[in-house]
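Listed here are the chains, written in short residue letters.
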Amino acid sequence: MYTPHPDRYADMPYRRTGRSGLKLPALSLGLWHNFGPDRPVDIQRAILRRAFDLGVTHFDLANNYGPPPGAAESALGDALKADFAHHRDELIVSTKAGYLMWPGPYGEWGSRKYLLSSLDQSLGRMGLDYVDIFYSHRPDPETPLEETMGALHSAVQQGKALYVGVSNYSAEQTREAARILAELGTPLLIHQPRYSMLDRRPEDEGLLDTLDELQVGSIAYSPLEQGLLTGRYLDGIPEDSRAASDSPFLSADKVTEDLVGRLRTLDEIAESRGQSLAQLALAWVLRGGRVTSALIGASSPRQLEDSVAAIGDLEFTEDELARIDAVVKA
């Protein structure tokens, strides 16, 4: 029987999410990959247990995570029952709806019909009465934003979610979503954008400025840029890597000779700080406290431990930041 480490809260920083009372760990565990029937159950459970032992109290999912869709939520549900039944109130569990889950006109996007049906299914797979955060996973170009935000508000009113968030929304869409939710009486808690040293769009397109102004939290996904910002690609494309597979998230043509050269220079900067490249990338996203939390994935407890070690040094000198910018923006 699993017994959590007694000092699990000793080292992990916890950051207040916007102007809410909720604090998130600086690093949260995303179950986007590695939690499906193609992965050994004992490794999945070992990752979750080790995460909690290290103070990672937030598990982030979506209805379509797996593969197949729904598998990650089912895997977490089994783990919650087996290992965390007495620790639910120490955990933050989030899920999302927006991408394709079932056939027909009601199986994706942002209608009230889809969002609330999906949430019910997610709760069933996880064996939960409520999630801590429920997200609209992407904006719907055809459904009025009032309907989508109204569905999030209803989830809170029904006691099926404590907080709500959005993901992949532009700065303008986020501002309007926050306005609608405020009028309904359910504040926008958090935004989940893609953000890394190699993907600066939340900075360049004004999203981070908007979140600061609105006092809305942020949690960055893909801070390691689908594995590029790890040591895996410093010598090209490994045969067992994501870029060498048929993954829709990272293709081999993205791993150019120029990019590999830049990654090597970033790795040198990391080494000068006593960090791995992955630790540097995570620390960079978390620098200055502007981002509430960064989402990490893990295929093993050891990989998880390496990522969590990034919290040992989240401070940067102006020279280090300038060197990183010179490499990435050149």
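The structure this text deals with has already been given above.
Every value quoted in this text rests on a predicted model; they were computed, and no experiment measured them. (Residues numbered from 1 in each chain as written. Predicted model: local features only at pLDDT ≥ 70, side-chain atom pairs only at ≥ 80, totals over all residues. Heavy atoms only, no water.)

### Focus: the overall build of the protein
Tallying secondary structure elements over the protein gives 11 helices and 10 strands in all. Residue burial in the protein is summarised as follows: out of 330 residues, 54% are buried. One finds the centroid of the 33 positive side-chain charges in the protein at a distance of 3 Å from the centroid of its 48 negative side-chain charges. (Helix = DSSP H or I, 4+ residues; strand = E, 2+ residues; numbered from the N terminus. Buried < 20%, exposed > 50% of the residue type's maximum accessible area, 1.4 Å probe, protein only. Lys, Arg positive; Asp, Glu negative; His and termini not counted. Charge placed at Lys NZ, Arg CZ, Asp CG, Glu CD.)

### Digging into the sheet that holds strand E6 (residues 131-136)
Read around the barrel, eight strands follow the order E3-E4-E5-E6-E7-E8-E9-E10 and close on themselves; strand pairing throughout is parallel. Shown here is a sheet whose adjacent strand axes are inclined to one another by a mean of 30 degrees, direction ignored. Pairing of strand E4 (residues 58-60) with strand E5 (residues 92-97) involves three bridges; the strand directions are parallel. Residue His58 lies in a different strand from E5, and its bridge partner there is Ile92. (Pairing = 2+ DSSP bridges. Axes fitted to C-alpha atoms, helices over the stretch in contact; angles between N-to-C directions.)

### Digging into the environment of Arg49
In this structure, Arg49 sits in helix H1 (residues 41-53). Separated by 214 residues in the primary sequence, Arg49 and Leu263 place their C-alpha atoms 32 Å from one another. With near-sequence residues (within four places) excluded, Arg49 lies in contact with Tyr2, Asp42, Asp83 and Phe84. (Contact = heavy atoms within 4.5 Å.)

### So, the packing of helix H5 (residues 171-184) against helix H7 (residues 207-214)
Remark: H5 packs on H7, axes separated minimally by 9 Å, with the N-to-C direction vectors making an angle of 20 degrees. Our classification of the angle between H5 and H7 gives roughly parallel. Where H5 crosses over H7, the two elements pack in a sense that is right-handed. Residue-level inspection shows Ala171, Thr174, Arg175 and Ala178 of H5 in contact with H7, the latter providing Leu207, Thr210, Leu211, Glu213 and Leu214. Residues of the contact of H5 with H7, tallied by class, amount to five nonpolar, two polar and two charged. (Parallel < 35°, antiparallel > 145°, perpendicular 65-115°, else oblique. Left-handed = near helix turned anticlockwise from the far one by under 90°. Nonpolar A, V, L, I, M, F, W, Y, C, P; charged D, E, K, R; others polar.)

### Description of the side chain of Ser293
Within the secondary structure, Ser293 sits in strand E10 (residues 293-296). Residue class for Ser293 comes out buried when judged on its relative accessible area of 0%. Here Ala26 takes part through its backbone oxygen, which lies 3.2 Å from a polar atom of the side chain of Ser293. Only 2.7 Å separates the side chain of Ser293 from the side chain of Ser28, close enough to count as a polar contact. Apart from residues lying up to four places away in sequence, Ser293 is in contact with Leu24, Pro25, Ala26, Leu27, Ser28, Ser218, Ile219, Ala220 and Leu286. (Polar contact = N/O pair within 3.5 Å; in protein donor to acceptor, adjacent residues only side chain to side chain.)

### Some details on the pairing of strand E3 (residues 27-30)
For a regular strand, side-chain orientation follows a simple rule: the groups alternate between the two sheet faces. Burial of E3 is two-sided: the residues Leu27 and Leu29 facing one way and the residues Ser28 and Gly30 facing the other way are all buried. Strand direction decides the pairing type here: E3 and E10, joined by three bridges, are parallel. Looking at E10, one finds that Leu29 is bridged to Ile296. Across two bridges, E3 lies against E4 in parallel orientation. Looking at the pairing, Gly30 lines up with Asp60 of E4. Handedness of the E3-H1-E4 crossover: right-handed. (Right-handed = clockwise from strand over helix to strand, strands pointing away.)

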